Amino acid sequence: MLKLSYGLVIHVRILAPMDYYTYMIRDFKPDHTANNADAPLYFVRSEDKYRSLWQYIKRYQNPTFNDKLLKKRFPAMDSGLRKSKAQHVADALKQAEAYFSTARISELSIKPLILYYGALNMVKALMMFADNDLTLENAVQRDKGLNTHGLTNGASNPADEAIRNDSSNLLKEFGIVTGGDRTVFSLLHSCWSDTPLSNGSRLELGDLTSMHPNSWRSFKEHTGKPPKYFKIEGTGFRTTARGDEHMVVFGGIFNSMLYQPTMPTGQNNIFAFFEQHLPQLRAFYNRETQPQSSFYTSVMPNNIDEYLPGYREPTGTQFVMQNPDVGQALHLIEVEFAMLFVLGNLTRYVPQKWLDNVNYGNKGEMFVVEGFINSVAFSFPKLIFEELEEKDYTFTGDVAYWN
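What counts and how
- Residues numbered from 1 in each chain as written.
- Predicted model: local features only at pLDDT ≥ 70, side-chain atom pairs only at ≥ 80, totals over all residues.
- Heavy atoms only, no water.
- Helix = DSSP H or I, 4+ residues; strand = E, 2+ residues; numbered from the N terminus.
- Buried < 20%, exposed > 50% of the residue type's maximum accessible area, 1.4 Å probe, protein only.
- Contact = heavy atoms within 4.5 Å.
- Areas by Shrake-Rupley, 256 points an atom, 1.4 Å probe, with all protein chains shown as cover.
- Pairing = 2+ DSSP bridges.
- Salt bridge = Lys/Arg side-chain N within 4 Å of Asp/Glu carboxyl O.

1. Some points on the overall build of the protein chain
1) Next: If you tally the helices and strands in the protein chain, you get 15 helices and 14 strands.
2) Next: For the protein chain, the residues scored as buried account for 54% of the 403 residues in total.
3) Next: Within the protein chain, residue pairs in contact and separated by at least 24 positions form 70% of the contacts whose partners lie at least 6 positions apart.
4) Next: About 18,500 Å² of surface is accessible on the protein chain, with carbon and sulfur atoms providing 52% of the total.

2. Examining the sheet that holds strand S7 (residues 229-232)
1) Next: Ordered by their spatial adjacency, three strands build an open sheet running S7-S13-S12, and the pairing between neighbours is antiparallel. Each edge of the open sheet carries a strand with a single partner, namely S7 and strand S12 (311-312).
2) Next: Pairing analysis gives four bridges linking S7 to strand S13 (residues 318-321), with the strands arranged antiparallel. Note on S13: the bridge partner recorded for lysine 231 is phenylalanine 319.

3. A look at the pattern of salt bridges
1) Next: Counting across every chain of the model gives 21 salt bridges.
2) Next: Among the salt bridges present, the one from glutamate 245 reaches arginine 238, with a minimum N-O distance of 2.9 Å.
3) Next: With relative accessibility at 2%, the residue glutamate 245 sits in the buried group.
4) Next: Measuring nitrogen to oxygen at the nearest pair gives 3.6 Å for the salt bridge that ties lysine 363 to glutamate 365.
5) Next: Residue glutamate 365 is classed as buried on the basis of its relative accessible area, which comes to 7%.
6) Next: The network of salt bridges with shared partners includes Asp133, Asp143, Lys144 and Arg182.

Put into structure tokens, the structure is as follows:
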């Protein structure tokens, strides 16, 4: 990638091997707030935000609703394909709700596996609800890879065997990307990226917990290592005389540095620090002058590899994540899905290790992941729902009452 002047970017991309996808399977819409005149409708108060969330998702459990929305978004789609998608999305989400509801009342000893199967149904629904040929018909699933996870925990060398057999080593548990382009995980990645994840890429649970809003604090507390989570003051899109731009604003200097053990001084050094840890800033963004903050702008991105996605915690705190590996950006949905795969795999195949950690044996690394497990039953369906809706929602647990 060459950046010649403000707003002018030339991309130089090495094409992946032919057995990899080099396209996205869904329309990438980074800005869920564009032309959002009805924003107040997407702030939902209730006595049970989980129940309210699924009340909204239930519309997608209706094939007629799905058919009408697919026809509106993709008028050229074949009617037979559209009706199959409408039914299969409804079925996948109905079963997903049952998994997530069961997980809420399940013991921690089995909860991750149930959550993973619910997440698997939801990502299939997301991938099908697009202008592609994906359905749950058996021949399609075999041909496209919807019957293959795309991640493995297979311990194939002595070092990995040692991790699997060591109950005190939970955070080194991992998922390895495998299977090329014809897997669930590779198709999920292609919802927002046309750069395939390399076979053999390793996603360690410790890295993933250090990126997640509900586990990065416990990761830092337990390990003493800096997280791959960065608090920001704001992010969003705007239109200026220079065109459509994405903005990332790191807060006041001291506020921004809370998550790192040592920080540089001086504005240029602080810019350089963020660009070292968040390479998208260096490759695609311009530094902007603003007192007491680090402010960046970039042209409107085409995929997740070309910008730094901003996310929002349920509390309203905004954040960005460092890539697990340089040049391989992950969406927060992928982070949660991979974490659930690793934990679900451990739950199913190595119960002695998992139960030892559930009981806080050995080094007590369960402290780091339990917050994630308790939150993902709400956060994952919400992330998927917002992709389906192409809007951002806020669900709160407070209700109106008589004063």
